[in-house]
Amino acid sequence: MPKHIRSVAVFCGVRAGTDPVHLAAARQLGAGIAEAEMMLVYGGGGLGLMGAVAEGAIAKGGRVHGVIPEFLTRVERPFPSLAELEVTTSMHTRKTRMFELADAFITLSGGLGTLDETVEIITWRQLGLHDKPVIILDIGGWAQPFLALIEALIAQGFVPESNRRLYAVAPDVPAALRMLQAAPAPETAAPAERL
Ligand SMILES: Nc1ncnc2c1ncn2[C@@H]1O[C@H](COP(=O)(O)O)[C@@H](O)[C@H]1O
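Residues numbered from 1 in each chain as written. Predicted model: local features only at pLDDT ≥ 70, side-chain atom pairs only at ≥ 80, totals over all residues. Heavy atoms only, no water.

1. A look at the overall build of the protein chain
Quick note on the threshold: Going along the chain from the N terminus, every DSSP run of H or I of four or more residues is numbered as a helix, and every run of E of two or more is numbered as a strand. Taken over C-alpha atoms, the radius of gyration is set against a globule rule of 2.2 Å times the number of residues to the power 0.38. Think of it in three bands: residues with accessible area under 20% of the maximum for their type are buried, residues over 50% are exposed, and the middle band is partly exposed, with areas taken using a 1.4 Å probe on protein chains only. For this analysis, residues touch if any pair of their heavy atoms sits within 4.5 Å. Here the Shrake-Rupley method, with its probe set to 1.4 Å, supplies the accessible areas, and only the displayed protein chains count as covering residues. All tallies of charge rest on Lys and Arg as positive and Asp and Glu as negative; His and the ends of each chain are not included. In this description, the location of a charge corresponds to atom NZ of lysine, CZ of arginine, CG of aspartate or CD of glutamate.
A tally of helices and strands in the protein chain yields seven helices and seven strands. Counting from the amino terminus, helix and strand elements in the protein chain follow one another as β-α-β-α-β-β-α-β-α-β-α-β-α-α. Taken over the C-alpha trace, the protein chain has a radius of gyration of 16 Å; the compact-globule value for 195 residues is 16 Å, and the two agree within 12%. Counting only C-alpha atoms and orienting by the principal axes, one finds that the protein chain spans roughly 45 × 35 × 35 Å. Taking all 195 residues of the protein chain together, 48% fall into the buried category. Counting contacts in the protein chain only where the partners sit at least 6 residues apart, residues at least 24 apart contribute 72% of the total. Entry remark: accessible area of the protein chain is about 9,400 Å², with carbon and sulfur atoms responsible for 58%. Averaging the coordinates of the 17 positive side-chain charges in the protein chain and doing the same for the 20 negative ones gives two points 3 Å apart.

See the structure below:
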């Protein structure tokens, strides 16, 4: 594992979805991150895919750092026995902290919150605010409508074709972990080059 990828933020659903393939992938991803000796950064919740990814990492003895806004501690129920749980004052601070803590980002299946986090991290890369790898896991075809929307925006001239390089798509968890291992060191580029 290259030294620069020491931590990975995972964006995923607070719900488990209807297909058990998503829960299995979440546990597998948490375990794989721990086995690769990377720190898992995530939203801190104990429910749905969020809970499963933390559970998978903890079961393998991995380091897990949760970041949750105070108002959500009653809704998303922080994962019990989480050694590192950071409680923020707002959603914005949570996002900023997850961004600061992570060397790379993986989107697993989820709902609107997951989509928001994914679009934001891609657009921050588009703006040249970072050059960290962003990997979208397409478990059970979850990502296909999202990817199709981006392709439609490219076809309509709203998104440059070159923006496809802002993210990678992985068909399964082992492929996502391999992509992290192959990721080049993040570079800082002028914002104009990113648009
Ligand atoms: N607007 C949001 N920005 C950041 N994170 C959000 C937002 N809305 C919800 N979230 C969080 O995302 C995860 C997953 O939510 P899903 O809707 O289940 O994908 C959860 O922690 C939300 O609090």
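After that view, the rundown keeps rolling.
2. Notes on the nonpolar core
One broad rule of soluble globular proteins: the nonpolar side chains tend to lie buried together. We count it as follows: We define a nonpolar core as any set of buried Ala, Val, Leu, Ile, Met, Phe, Trp, Tyr and Cys residues linked to one another through side-chain atoms lying within 4.5 Å.
Counting residues in hydrophobic clusters, the biggest one holds 34 residues, and the most contacted among them are Val-10, Leu-29, Tyr-42, Ile-106, Leu-108 and Leu-137. At the level of secondary structure, the elements contributing two or more residues to this core comprise strand 1 (7–11), helix 1 (21–35), strand 2 (39–42), helix 2 (48–59), strand 5 (104–107), strand 6 (134–137) and helix 6 (173–182). The biggest single contributor to this core is helix 2, with six residues. Among all residues touching Tyr-42, those that are not within four sequence positions of it are Val-10, Met-50, Val-53, Ala-54, Val-64, His-65, Gly-66, Val-67, Phe-79, Leu-82 and Met-98.

3. Quick notes on the site of the ligand
What counts, and what does not: Nearness of a residue to a molecule or strand requires only that one of the residue's heavy atoms be within 4 Å of it. In protein, a polar contact requires one atom able to donate a hydrogen and another able to accept it; more generally it is a pair of N or O atoms within 3.5 Å, and residues adjacent in sequence count only if both atoms are side-chain atoms.
Taken together, 16 residues surround the ligand, and among them Val-14, Glu-76, Gly-111, Thr-114 and Asp-116 come closest. Contact distances for the ligand include 3.5 Å between an oxygen atom and a backbone N or O atom of Leu-112. Within the backbone of Gly-113, an N or O atom sits 2.9 Å from an oxygen atom of the ligand. Compared with its free state, where it exposes 480 Å², the ligand has 80% of that area covered by protein. Where the shell around the ligand is concerned, the elements lending two or more residues are helix 3 (91–101) and helix 4 (112–126). Considering every element that reaches the shell around the ligand, the biggest residue donor is helix 4, with five residues.

4. Quick notes on the pattern of salt bridges
Note the threshold: Note on definitions: salt bridges are taken to be side-chain nitrogens of Lys or Arg within 4 Å of carboxyl oxygens of Asp or Glu.
A full pass over the atoms with the stated rule returns 12 salt bridges. The partner of Arg-63 in a salt bridge is Glu-84, with the nearest N and O atoms 2.6 Å apart. Of this pair, Arg-63 sits in the loop between helix 2 and strand 3 (64–69) while Glu-84 is found in strand 4 (residues 84–88), placing the two residues 21 residues apart along the sequence. Under the relative-accessibility criterion, Glu-84 is labelled partly exposed at 21%. Note that Glu-161 is salt-bridged to Arg-164, the shortest N-O span being 3.7 Å.

5. A look at the pairing of strand 6
Put simply, the test is: Throughout, right-handed denotes a crossover for which the path from the first strand over the helix to the second runs clockwise when the strands point away from the viewer. The pairing criterion is simple: DSSP has to find at least two bridges between the two strands.
Every second residue of strand 6 is oriented toward a common face, with Val-134 and Ile-136 on one face and Ile-135 and Leu-137 on the other, all of them buried. Regarding topology, helix 4 serves as the crossover connection from strand 5 to the parallel strand 6, and that connection is right-handed. Sheet topology note: the strand 6/strand 7 (residues 168–170) ladder contains three bridges and is parallel. Bridged to Leu-137 within strand 7 is Ala-170. Crossover connection from strand 6 via helix 5 (residues 144–155) to parallel strand 7: handedness right-handed.

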